[in-house]
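# Residue-level structure breakdown
Chain residues, written in single-letter form:
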Amino acid sequence: MIFYNSFFYLYQMISVSKNIQLKEITTQDCTQLYELMQAIYPPAYHHFWTDKGVWYVDGLYNNKNIHKELKEAATGYYFVLFKNEAVGILRVLWNATNEQLPYKKPAKLHRIYLHQKAQGNSIGKTLLTWVEHTAKEKQCEVLWLEAMDTQEQAFKFYKKAGYVPFNQFDLDFPLLLDKHRGLTQVYKEL
């Protein structure tokens, strides 16, 4: 389900490409964000969790947590629109240090989720290019992110884009299946 809501036109959009825009998420968008992530996350990641991903969506996309994340400094949190439909989210921390990376100003691609129906339109590649370009404009030296070890398609995507693994650890989420606990951090110099 890809939902569309005319409220997006009430706010200024960031144009990423002809068909892709970003709309900054605000505190008024909590319900729309939660509903969108219910449509995106469980179908893609249900096999990672004992509860099919409900705990994860409820924990990350509840009003209290969204309000907390929106207060964080130097953060961009956006709805991703493709042909005027909300098809995903993007969250970037424009000044996210990592002890493993000796750069003065690193940025972190914190979240990028796209609805399955929107995949195959180069949206992820276009968004990654936009994040890299914007990070350079903000004088960031490196962009890093975390990817689940069992997401081979994601690793191929990031490797092809020039990202290099540098750290691996296991997640301790209580309802996450053991075989999906591995997380690898990758980076790219800008």
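Keep in mind that what you see is a predicted model, and the values were worked out from it rather than measured. (Residues numbered from 1 in each chain as written. Predicted model: local features only at pLDDT ≥ 70, side-chain atom pairs only at ≥ 80, totals over all residues. Heavy atoms only, no water.)

## Observations concerning the pairing of strand S8 (residues 182-189)
Counting buried residues along S8, six of its eight residues qualify, which places the element largely inside the surrounding structure. When strand S6 (residues 142-148) meets S8, the two strands line up antiparallel, connected through seven bridges. Within S8, the position partnered with Leu-143 by the bridge is Lys-188. Sheet topology places strand S7 (residues 164-170) next to S8; six bridges connect them, and they run antiparallel. Within S8, the position partnered with Val-164 by the bridge is Tyr-187. (Buried < 20%, exposed > 50% of the residue type's maximum accessible area, 1.4 Å probe, protein only. Helix = DSSP H or I, 4+ residues; strand = E, 2+ residues; numbered from the N terminus. Pairing = 2+ DSSP bridges.)

## Looking at the confidence of the model for the protein chain
Parts of the model with low pLDDT should not have their predicted coordinates read in detail. This prediction gives the protein chain a mean pLDDT of 92; 94% of its residues lie at or above 70. Confidence drops under a pLDDT of 50 for residues 1-10, and excluding neighbours within four residues, the segment shows 28 contacts in the predicted structure. (pLDDT = per-residue confidence, 0-100. Contact = heavy atoms within 4.5 Å.)

## Side note on unusual backbone geometry
Phi is positive for Ala-74, close to 55°, though the residue is something other than glycine. With respect to the helices, strands and loops of the structure, Ala-74 is situated in the loop between helix H3 (63-71) and strand S3 (75-82). Positive phi is not limited to glycine here, since Ser-122 has a value of about 60°. Looking at the element boundaries, Ser-122 is found in the loop between strand S5 (106-114) and helix H4 (123-137). Overall, Ser-122 belongs to the partly exposed group, its relative accessible area being 47%.

## A look at the side chain of Arg-111
Here Arg-111 is to be found in strand S5. By relative accessible area, which is 5% here, Arg-111 ends up buried. Here the side chain of Arg-111 touches Glu-69 through a polar contact of 2.6 Å, side chain to side chain. Non-local contacts of Arg-111, meaning those with residues more than four positions away in its chain, are made with Leu-60, Tyr-61, Glu-69, Tyr-77, Ile-89, Leu-90 and Arg-91. (Polar contact = N/O pair within 3.5 Å; in protein donor to acceptor, adjacent residues only side chain to side chain.)

## Things to note about the sheet that holds S5
Here eight strands make up an open sheet; going across it, the order is S1-S2-S3-S4-S5-S6-S8-S7 and the pairing mixed. Edge strands, defined here as strands with exactly one partner in the open sheet, are strand S1 (13-15) and S7. For this sheet, the mean inter-axis angle between neighbouring strands, taken without regard to orientation, is 30°. Where S5 meets S6, four bridges bridge the pair, whose relative direction is parallel. Bridging across to S6, Leu-109 finds its partner in Leu-145. Lying on the sheet, H4 is in contact with S1, strand S2 (20-24), S3, strand S4 (85-93), S5, S6 and S8; it crosses S5 at an angle near 160°. (Axes fitted to C-alpha atoms, helices over the stretch in contact; angles between N-to-C directions.)

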